[in-house]
Amino acid sequence: MAISKEDILEAVAGMTVMELNDLVKAFEEKFGVSAASLAVAAPGAAAAAPVEEKTEFDVILTGTGEKKVEVIKVVRAATGLGLKEAKDLVDGAPKAVKEGIAKADAEALKKQLEDAGAKVEIK
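First, a word on what this report is: a plain description of the structure on this page. (Residues numbered from 1 in each chain as written. Predicted model: local features only at pLDDT ≥ 70, side-chain atom pairs only at ≥ 80, totals over all residues. Heavy atoms only, no water.)

Within the protein chain, the regular secondary structure consists of six helices and three strands. Summed over its atoms, the accessible surface of the protein chain is roughly 8,700 Å², and 57% of this surface lies on carbon and sulfur atoms. (Helix = DSSP H or I, 4+ residues; strand = E, 2+ residues; numbered from the N terminus. Areas by Shrake-Rupley, 256 points an atom, 1.4 Å probe, with all protein chains shown as cover.)

Take the pattern of salt bridges next. One pass over the structure, following the stated rule, counts seven salt bridges. The residue Asp91 makes a salt bridge to Lys68 at a minimum N-O spacing of 2.5 Å. With Asp91 in helix 5 (residues 83-91) and Lys68 in helix 4 (residues 68-79), the pair connects residues that are 23 residues apart, well separated along the chain. Accessibility expressed as a relative area gives 39% for Asp91, which makes it partly exposed. A residue is classified by how much of its surface remains accessible, and Lys68, at 33% relative accessible area, is partly exposed. Close ionic contact of Lys111 with Asp115 constitutes a salt bridge, the shortest N to O distance being 3.1 Å. (Salt bridge = Lys/Arg side-chain N within 4 Å of Asp/Glu carboxyl O. Buried < 20%, exposed > 50% of the residue type's maximum accessible area, 1.4 Å probe, protein only.)

Read from one edge to the other, the open sheet built from three strands follows the order 2-1-3, with strand pairing classed as antiparallel. Either end of the sheet is taken by a strand with one partner, and the two such strands are strand 2 (95-101) and strand 3 (119-122). Neighbour to neighbour, the strand axes of the sheet diverge by 20° on average, direction disregarded. Both strand 1 (residues 57-63) and strand 3 contribute to a ladder of four bridges, which runs antiparallel. Each bridged residue has a counterpart across the sheet, and for Ile60 the counterpart in strand 3 is Glu121. (Pairing = 2+ DSSP bridges. Axes fitted to C-alpha atoms, helices over the stretch in contact; angles between N-to-C directions.)

Our next topic: helix 5. Along helix 5, the positions that sit buried rather than exposed are Ala86, Leu89 and Val90. Angularly, the buried residues of helix 5 cover 95° about the axis, an arc narrow enough to put them on a single face. (Arc of directions from axis to C-beta.)

At a minimum axis separation of 8 Å, helix 4 and helix 6 (residues 103-115) run at an interaxial angle of 155°. Here helix 4 lies roughly antiparallel to helix 6, going by the angle between them. For the element pair helix 4 and helix 6, the recorded crossing hand is right-handed. Across from Val71, Val74, Val75 and Ala78 in helix 4, the residues of helix 6 making contact are Leu109, Gln112 and Leu113. Partitioned by chemical class, the residues of the contact of helix 4 with helix 6 number six nonpolar, one polar and no charged. (Parallel < 35°, antiparallel > 145°, perpendicular 65-115°, else oblique. Left-handed = near helix turned anticlockwise from the far one by under 90°. Contact = heavy atoms within 4.5 Å. Nonpolar A, V, L, I, M, F, W, Y, C, P; charged D, E, K, R; others polar.)

Our next topic: the pairing of strand 1. Where burial is concerned, most of strand 1 is hidden: five out of the seven residues are buried. The pairing of strand 1 with strand 2 spans four bridges and is classified as antiparallel. When the sheet's bridge partners are listed, Leu61 is paired in strand 2 with Lys95.

Attention now moves to the nonpolar core. A general tendency of soluble globular proteins is for nonpolar side chains to be buried together. If you look at the biggest cluster of nonpolar residues, it comprises 19 residues, and the most contacted ones within it are Val59, Leu61, Val71, Val75, Leu109 and Leu113. Looking at this core, the elements with two or more residues in it are strand 1, helix 4, helix 5, strand 2 and helix 6. Broken down by element, the residue count for this core peaks at five residues, all from helix 4. Contacts of Leu61, omitting those with residues within four sequence positions, involve Val71, Leu89, Val90, Ala93, Pro94, Lys95, Val97, Ala118, Lys119 and Val120. (Core = buried A, V, L, I, M, F, W, Y, C linked by side-chain atoms within 4.5 Å.)

Following this line, the structure appears as structure tokens:
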């Protein structure tokens, strides 16, 4: 008994994204092809395309905590702002401390701010 194209399409239509991902990997291994060439043959293969990783992050100060002076010092050191500007930024939370920086730099700044008692988010 041969399986028709319609049977295959119905089976693929009923699969979850994870099942489609596994199917694409099986095709790649079995036939020695890449997902890019399968995208033409199997419409469900497009769901397995890798998502671009974010490379720029924003460090957002959401709260100052009890050590406001310490937080201002860290903000001044990180941004190069003057005392008044750094104080205004801290007082105006939630505000971005730095924008468009690398993940490692964002994590380091977040740790410094949290060590000073601030509440911080990375977006």
